[in-house]
Amino acid sequence: MALKCLNKLKMRYLTAVCLFCVFLAGCSVKKYDETKQNDVDFTVLSEEEIPEQVSEIIETSKTENFRKTYSDKDYLYIIIGYGAQPTSSYSIEIQELYESSDALYITSMLKGPSRTEKVLEIETYPYIVVKVQHTDKAVVFQ
């Protein structure tokens, strides 16, 4: 009987230690330098200019909000989508893209149709692809 209680106590202790470790792992978010060093030159790509690999990322992610990157040897592609929208005429605006000592910071905003704009009552999936020179720095979405 005493052995059974001791085993239960060991299992509870082990479970508590495991949960604590999982909690600590989830709380360890890397902090990047936010100090702006300079603006980053970028190009917003048209649908025809988007590489096939990036198009595949968009296609598999478009129904939900997403923030992703893809890079090749020359460029870094920053891909932002705002999921399903109820009508046409939504767009995405890049408000800021700058570089710190260890990261790129990008801020975007979803813009809905204007009050005077004629819209189609169809579900759309607005996204934007931004191309910058290749970097190994992390991308922080704001």
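Residues numbered from 1 in each chain as written. Predicted model: local features only at pLDDT ≥ 70, side-chain atom pairs only at ≥ 80, totals over all residues. Heavy atoms only, no water.

(A) Fine view of the sheet that holds strand β2 (residues 43-44). Strands sit in the order β2-β7-β4-β3 across an open sheet of 4 strands; the sheet is antiparallel. Strands with a single pairing partner mark the edges of an open sheet, and in this sheet they are β2 and β3 (65-71). (Pairing = 2+ DSSP bridges. Helix = DSSP H or I, 4+ residues; strand = E, 2+ residues; numbered from the N terminus.)

(B) How the structure looks around the pairing of β3. Pairing geometry for β3 and strand β4 (residues 75-82), over 7 bridges, is antiparallel. Looking across to β4, one finds that K68 is bridged to I79. Counted along the chain from β3 to the antiparallel partner β4, the turn is 3 residues long.

(C) Representation of unusual backbone geometry. Of note, S89 is a non-glycine position whose phi angle comes to about 75°, a positive value. As for its placement among the helices and strands, S89 is situated in the loop between β4 and β5 (91-99).

(D) Looking closely at the side chain of S88. Following the sequence through the fold, S88 ends up in the loop between β4 and β5. Of the residues examined, S88 reaches a relative accessible area of 12% and is grouped as buried. A polar contact is formed between the side chain of S88 and the backbone nitrogen of L120, at a distance of 2.7 Å. If we ignore the near neighbours within four places in the chain, the residues touching S88 are P113, V119, L120, I122 and T124. (Buried < 20%, exposed > 50% of the residue type's maximum accessible area, 1.4 Å probe, protein only. Polar contact = N/O pair within 3.5 Å; in protein donor to acceptor, adjacent residues only side chain to side chain. Contact = heavy atoms within 4.5 Å.)

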